[in-house]
Amino acid sequence: MNDLAVRDVPDPEMRNEQDIVVKVRKTVTCGSDLHLIGGYIPFMSRGDVLGHEFVGEVVEVGAQVRKHRVGDRVVVSSFVSCGRCWFCSQELYSLCDNGNTNPAITESMWGFAPGGCFGYSHAMGGFAGSHAEYIRVPFGDVGAFTIPDEVDDLRALFASDSAATGWMGADLGGVKPGDVVAVWGAGAVGQMAARASVLLGAERVLIIDRYDNRLDQAAKFAGAEPLNYVRDDVGAALLEATGGRGPDVCIEAVGMEAHRPGPQHAYDQVKQQLRLQTDRPSAVRDAIYQARKGGSVFVLGVYAGFVDKFPLGAMMNKGLTVRGAQMHGQRYIPMLLDRMARGELVTEHLATHVMPLDRGVEGYRMFKDKEDGCVRAVFEP
Ligand SMILES: NC(=O)c1ccc[n+]([C@@H]2O[C@H](COP(=O)([O-])OP(=O)(O)OC[C@H]3O[C@@H](n4cnc5c(N)ncnc54)[C@H](O)[C@@H]3O)[C@@H](O)[C@H]2O)c1
Ligand SMILES: [Zn+2]
Ligand SMILES: [Zn+2]
């Protein structure tokens, strides 16, 4: 947090004929930024620009851009993808082979590099982020989408990242009509996963957090049943909701800075601080433990490296499908914008605090500390 500041930076320049430049109108904090600010993902350099969820107006288009014109109002996927490689052709956009211009770091950590992401460290391409007046968008035809007139900026903003992420968790987690779904985390991502599960036909969706204001939003706008893990017996409630069988799909939307009452949390925190593990995976452990036999667990929360006490035995013996991914925004954004236009998917309640970009440091502090009920801080450059 101490390293955050609002400063003048050079305006972006076109580097490629497929680039567009967008004048940013709204840009928003994400839980993923907290992992960068907290130093848990140590590949940021001084002067890097944060931000990967944004809407704005196209002000420049490269010679090879076909879909966009100057003046278009667009929302842009947080991941940078070429649209042409083998992975993009499978709609696995966040795994694009050409989106990360700096693949060596993640190749050495994970075997292969995923795509790049705006404002998300040099490990993810080192692209300047959206908390700025202007941003260069590589592969503009692939990553930017024109917003329908019926959808205002504030609603469309969340199609960039949170809504696409939540939808992916429900979709690739395999939510089917009649399922019971449990979602850990009621931040923007968890709320969007809950809403997607409802829209995909889940019979019941239970959402777990300790902040009542977030749980109340999930009940009101997503149609989910709130569980406060400090007050309620979550395990008992999930059994009760499923006739003793356990949820069909468990979606984890918490990430590497999970909180948990009790000794397991202290153990995880000490190991993380000593760099004996990179992540605190308590919500993933809970999701694996609570899932029904033969069920599925989808990890949306961001994890960087290695964890301890991963319940491999439960995963194997219960026949679980455990998956995770960074979001494939380009696959979902057009459908999300349609649903937003029809009013099926609302997101603007997530923008609890809207302020000028000059107040960015304060906005991040409020978001991190959940001060004044902050769910997301939106900045207007
Ligand atoms: N996969 C992707 O592409 C993608 C995209 C966006 C965000 N993310 C990740 O998703 C996660 C959530 O993002 P967000 O913006 O909603 O973050 P957020 O910080 O606003 O919300 C996280 C929520 O989890 C809750 N929580 C903490 N410990 C918990 C526990 N043990 N059980 C239940 N809830 C718990 C917190 O109280 C908080 O409300 C982050 O890790 C973020 O990095 C992933
Ligand atoms: Zn994000
Ligand atoms: Zn690609």
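Treat the numbers as computed from the prediction; the structure is a model and nothing was measured. (Residues numbered from 1 in each chain as written. Chains lettered and ligands numbered in written order. Predicted model: local features only at pLDDT ≥ 70, side-chain atom pairs only at ≥ 80, totals over all residues. Heavy atoms only, no water.)

1. Looking at the overall build of the protein
Looking only at helices and strands, one finds 14 helices and 15 strands in the protein. Taking 2.2 N^0.38 as the reference for a compact globule, 381 residues should give roughly 21 Å; the C-alpha atoms of the protein span a radius of gyration of 20 Å, in line with that estimate. Projected onto its principal axes, the C-alpha positions of the protein cover 60 × 50 × 45 Å. Counting over 381 residues, the protein shows a buried share of 55%. (Helix = DSSP H or I, 4+ residues; strand = E, 2+ residues; numbered from the N terminus. Rg over C-alpha atoms; globule rule 2.2 N^0.38 Å. Buried < 20%, exposed > 50% of the residue type's maximum accessible area, 1.4 Å probe, protein only.)

2. Here we look at the coordination of the zinc ion (ligand 3)
Bound to the zinc ion (ligand 3) on the protein side are Cys82 (SG), Cys85 (SG), Cys88 (SG) and Cys96 (SG), at distances that span 2.3 to 2.4 Å. Each of the 4 donor atoms around the zinc ion (ligand 3) contributes to a set of angles spanning 102 to 118 degrees, which defines the coordination as tetrahedral. The sequence motif formed by the donor residues of the zinc ion (ligand 3) is C-x2-C-x2-C-x7-C. In this pair, the class of Cys85 matches that of Cys88, namely buried. (Donors = N, O, S within 2.8 Å, 3.2 Å for Na, K, Ca; no water. Tetrahedral: all angles 85-135°; square planar, octahedral: opposite > 155°, others 65-115°.)

3. Quick notes on the packing of helix α6 (residues 162-172) against helix α13 (residues 329-341)
It is at 9 Å that the axes of α6 and α13 come closest, and there the two elements cross at 105 degrees. By the angle between their axes, α6 is roughly perpendicular relative to α13. Side by side, α6 and α13 meet where Ala163, Ala164, Trp167, Met168, Asp171 and Leu172 of the first sit next to Gly329, Arg331, Tyr332, Met335, Leu336, Arg339 and Met340 of the second. Split by residue class, the contact of α6 with α13 holds 9 nonpolar, 1 polar and 3 charged. (Axes fitted to C-alpha atoms, helices over the stretch in contact; angles between N-to-C directions. Parallel < 35°, antiparallel > 145°, perpendicular 65-115°, else oblique. Contact = heavy atoms within 4.5 Å. Nonpolar A, V, L, I, M, F, W, Y, C, P; charged D, E, K, R; others polar.)

4. Examining the site of ligand 1
Every one of the 30 residues lining ligand 1 counts as a neighbour, but Ser32, Asp209, His259, Met327 and Arg376 are closest to it. Between ligand 1 and Gly31 there is a distance of 2.9 Å, counted from an oxygen atom to a backbone nitrogen or oxygen. The separation between a nitrogen atom of ligand 1 and a polar main-chain atom of Ala325 is 2.8 Å. Within the complex, 96% of the 870 Å² of free accessible area of ligand 1 lies under protein. Mapped by element, the contributors of at least two residues to the shell around ligand 1 are α1 (31-37), α7 (188-199) and β9 (204-209). The dominant element in the shell around ligand 1, judged by the number of residues it contributes, is α1, at 3 residues. (Near = heavy atom within 4 Å. Polar contact = N/O pair within 3.5 Å; in protein donor to acceptor, adjacent residues only side chain to side chain. Areas by Shrake-Rupley, 256 points an atom, 1.4 Å probe, with all protein chains shown as cover.)

5. Considerations on the pattern of salt bridges
Close approach of charged atoms allows side chains of opposite charge to pair. According to the stated counting rule, one finds 22 salt bridges in the structure shown. Here Arg25 and Glu57 are joined by a salt bridge, their closest N and O atoms 3.8 Å apart. Residue Arg25 is located in strand β1 (residues 20-28), and its partner Glu57 is located in strand β2 (residues 54-61); the two are separated by 32 residues in the primary sequence. Note that Arg231 is salt-bridged to Asp212, the shortest N-O span being 3.0 Å. Of this pair, Arg231 sits in the loop between β10 (225-228) and α9 (234-241) while Asp212 sits in helix α8 (residues 212-222), and the two are 19 residues apart along the sequence. Of the residues examined, Arg231 reaches a relative accessible area of 58% and is grouped as exposed. Look at Asp212 and you get partly exposed, because its relative accessible area is 32%. Because the salt bridges share partners, they merge into one network encompassing Arg25, Glu57, Arg73 and Asp153. (Salt bridge = Lys/Arg side-chain N within 4 Å of Asp/Glu carboxyl O.)

6. Thoughts on the pairing of strand β14 (residues 353-356)
Here β14 pairs with strand β15 (residues 377-380) via 4 bridges, running parallel. Bridge assignment links Pro356 to a residue of β15, and that residue is Glu380. Regarding topology, helix α14 (residues 360-369) serves as the crossover connection from β14 to the parallel β15, and that connection is right-handed. (Pairing = 2+ DSSP bridges. Right-handed = clockwise from strand over helix to strand, strands pointing away.)

7. Some thoughts on the UniProt feature "domain: Alcohol dehydrogenase-like C-terminal" (unreviewed entry) in the protein
The positions that UniProt labels "domain: Alcohol dehydrogenase-like C-terminal" (unreviewed entry) are, in the present scheme, residues 188-257. In residues 188-257, the share of helix is 44% and the share of strand is 20%. The end C-alpha atoms are 16 Å apart. (UniProt positions renumbered as here; feature names shortened; annotations may be inferred.)

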